[in-house]
Amino acid sequence: MPTITLNQLQKTYPGAKTAAVKGIDLTVKDGEFMCLLGPSGCGKTTILRMIAGIEHATGGEIAIDDKVMDSVAKSRFVPPEQRGIGLVFQNYALWPHMTVEQNVEFGLKLKKIPKEERHALSQDVMEKLRIADYANRYPSQLSGGQQQRVALARMLAVNPGVLLLDEPLSNLDAALRLEMRAELRRLHQTFGTTIIFVSHDQWEAMTLATTIAVMSNGELQQVGTPDDIYATPGNRFVAEFIGTPKLNMMELHRFQPQNQLAAQICHRFEDAHRARVCGIRPESIILHTTPAPGTTPMVVDNIMPTGGSWVVEIRQGQTQLFHSTQIKPDYQAGDPVFCELPGATLHFFDEEGERLSLSEIHFTKTSAGFPGVTSTQPHQSLSHVM
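Just so you know, these numbers come straight off a predicted model, no measurement behind them.

### Let's talk about the pairing of strand S16 (residues 310-316)
Here S16 lies mainly inside the structure; six of its seven residues are buried. Connecting strand S15 (residues 296-305) to the antiparallel partner S16 that follows it, the hairpin turn spans four residues, and glycine 307 within it adopts a positive phi of roughly 85 degrees. One ladder, built from seven bridges, connects S16 with strand S17 (residues 319-325); its direction is antiparallel. In the strand pairing of S17, glutamine 316 is matched with threonine 319. Linking two consecutive strands that pair antiparallel, namely S16 and S17, is a turn of two residues; a positive phi of about 65 degrees is found at glycine 317 within it.

Listed below in structure tokens is the structure:
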């Protein structure tokens, strides 16, 4: 399977004031399941269409296994049908007058594969995707999930080196989306195809991809494994975009004296003058029903069950935090609680939204002052993540 390389890839549409894609450098490795993740309009689908050859790049270069597919500087453009790429659209684009088997065989027929070989290849891929029993049905007789499998089977039958998926699950209901996520993971493990998947749904990205590329406003924000993206977000945008419920953010700007939690943080990190905000994941917050060292008194505002877990809204003055737990809370709205923010779970960001990291810090749950942090050095400091 091929490796895809994007080098300073750009796309500007005629008449547009700003570029849709702004100098993207990205490598999708052989056999990787890469998700381009971001909000609507961030440029992820445009990148997918340029890789497929449906859109022309206006700058930079696209290469597949070191063979240049699109480069303005080199006056090179390889048409879509010569790139060895399969593209599955959001609407599946099945032929309504053809049976499932005829749809699956369609690409093979265009490649003039002999009839017996076409039948064998289509049967093999239909069995792997568990749609062989529907071979003689028409698309209108299938569920959304079954139609999705047919669209995937049609692409896989021609054995593309790269499979591009443009939000293919967005038209499915919740149950079918879950089923198809499992199906796509199994498909990737079975075929080992290099896959690039476009989505605005962080759950799809986190559960499907081996690597996530987070985008915003045509720019690449961070590339990493799902665990890396979640645990060490590279900037404030990534931190707030990934996670449900979203990351709690506390403004620290000199020092919000009316905010007891923010004041504690700023007092503890006296030389952390570059830190603008501090974030903590809802599941990292620890709530106590009785006072404990290093905790801050707060009040429960609301308890929201989400089915299997609970989101607890707590407040102290102007500070509002959301805590999530899989253990049913034994307190009610209006009850006092005592909030602990373990130091090792905090995320700091500067004025520009870039991530800052604690240096020379030893963490302990029993330290006095700010919860969960003590230093082995005379001062505690923050530095940009390398």
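The structure having been displayed, the exposition proceeds.
### Observations regarding helix H4 (residues 144-157)
With 14 residues, H4 ought to run about 20 Å at 1.5 Å a step, and its terminal C-alpha atoms sit 20 Å apart, in line with that. In terms of residue burial, H4 counts as a mostly covered element, since twelve of its 14 residues are buried. Within H4, the full set of buried residues consists of Gly145, Gln146, Gln148, Arg149, Val150, Ala151, Leu152, Ala153, Arg154, Met155, Leu156 and Ala157. Looking at the buried side of H4, the elements it contacts are strand S7 (85-88), helix H2 (100-110), helix H3 (115-128), strand S8 (162-166) and helix H5 (174-191). Directly after H4, the chain includes asparagine 159, whose backbone phi takes a positive value near 55 degrees.

### Examining the nonpolar core
Counting 40 residues, the largest nonpolar core has Leu152 and Leu163 as its most contacted members. Top element by residues in this core is H4. It accounts for seven residues. When near neighbours in sequence (up to four residues on either side) are disregarded, leucine 163 contacts Gly86, Val88, Leu152, Met155, Leu156, Leu187, Thr193, Thr194, Ile195 and Ile196. Of all hydrophobic cores here, the second largest spans 28 residues; its members include Met34, Ile51, Ile62 and Met69.

### Structural notes on unusual backbone geometry
Put simply, threonine 244 and proline 245 share a cis peptide bond, and its omega is -5 degrees. Within the fold, proline 245 resides in the loop between helix H8 (236-241) and strand S12 (248-251). Phi is positive for serine 75, close to 50 degrees, though the residue is something other than glycine. Given a relative accessible area of 72%, serine 75 falls into the exposed group. Unlike most non-glycine residues, asparagine 217 shows phi in positive territory, near 50 degrees. Here asparagine 217 shows up in the loop between strand S10 (211-216) and strand S11 (219-224). Taking relative accessible area as the criterion, asparagine 217 reaches 56% and is therefore assigned exposed.

What counts as what
Residues numbered from 1 in each chain as written. Predicted model: local features only at pLDDT ≥ 70, side-chain atom pairs only at ≥ 80, totals over all residues. Heavy atoms only, no water. Buried < 20%, exposed > 50% of the residue type's maximum accessible area, 1.4 Å probe, protein only. Helix = DSSP H or I, 4+ residues; strand = E, 2+ residues; numbered from the N terminus. Pairing = 2+ DSSP bridges. Expected span 1.5 Å × (residues − 1). Contact = heavy atoms within 4.5 Å. Core = buried A, V, L, I, M, F, W, Y, C linked by side-chain atoms within 4.5 Å.

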